[in-house]
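# Coordinate inspection notes
Residues per chain are reported as follows:
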Amino acid sequence: LELEALSTGVPVAAAFRFPEAYPELPPLLPTDTPAATAKAIAAALDDADLSRTLSTQGRDWVLANHSSELIAARLLADYRRLLTL
């Protein structure tokens, strides 16, 4: 759900537990409790510039890390690597 929200430009408040999975962390409002999540969402709603920035960064991050072209290239590289084993 977070990935879908980021791709549509919705600012996301969430914990991110796998920083090693990507070369760059996703543009999230970092939270770890329900209270922190509510506070982060309220901050984004109150700050139009922050919301706009997160919206743009979220879409850009998803395209950079999950575009169909990128996924296809990774899959092709995996197949080629497996064929040489």
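## Focus: the packing of helix α3 (residues 48-66) against helix α4 (residues 68-83)
- Where α3 contacts α4, the two axes come as close as 6 Å, and the packing angle between them is 25 degrees. When the axes of α3 and α4 are compared, the pair comes out roughly parallel. Residues A64, N65 and H66 of α3 form the contact with α4, whose own contacting residues are S68, L70, I71 and R74.
- Partitioning the contact of α3 with α4 into residue classes produces three nonpolar, three polar and one charged.

## Describing the pattern of salt bridges
- Counting across every chain of the model gives two salt bridges.
- For the salt bridge of R52 with D49, the shortest nitrogen-to-oxygen distance reads 2.5 Å. Placement of both R52 and D49 in helix α3 is noted, with a separation of three residues, approximately one turn of the helix.
- Between R81 and D78 there is a salt bridge, with its nearest N and O atoms 3.6 Å apart. Taken together, the positions of R81 and D78, both in helix α4 and three residues apart, correspond to about one turn of that helix.
- Overall, R81 belongs to the partly exposed group, its relative accessible area being 46%.
- Classification of D78 as partly exposed rests on a relative accessible area of 35%.

Calculation criteria
Residues numbered from 1 in each chain as written. Predicted model: local features only at pLDDT ≥ 70, side-chain atom pairs only at ≥ 80, totals over all residues. Heavy atoms only, no water. Axes fitted to C-alpha atoms, helices over the stretch in contact; angles between N-to-C directions. Helix = DSSP H or I, 4+ residues; strand = E, 2+ residues; numbered from the N terminus. Parallel < 35°, antiparallel > 145°, perpendicular 65-115°, else oblique. Contact = heavy atoms within 4.5 Å. Nonpolar A, V, L, I, M, F, W, Y, C, P; charged D, E, K, R; others polar. Salt bridge = Lys/Arg side-chain N within 4 Å of Asp/Glu carboxyl O. Buried < 20%, exposed > 50% of the residue type's maximum accessible area, 1.4 Å probe, protein only.

Worth remembering: the numbers are spatial, not functional.
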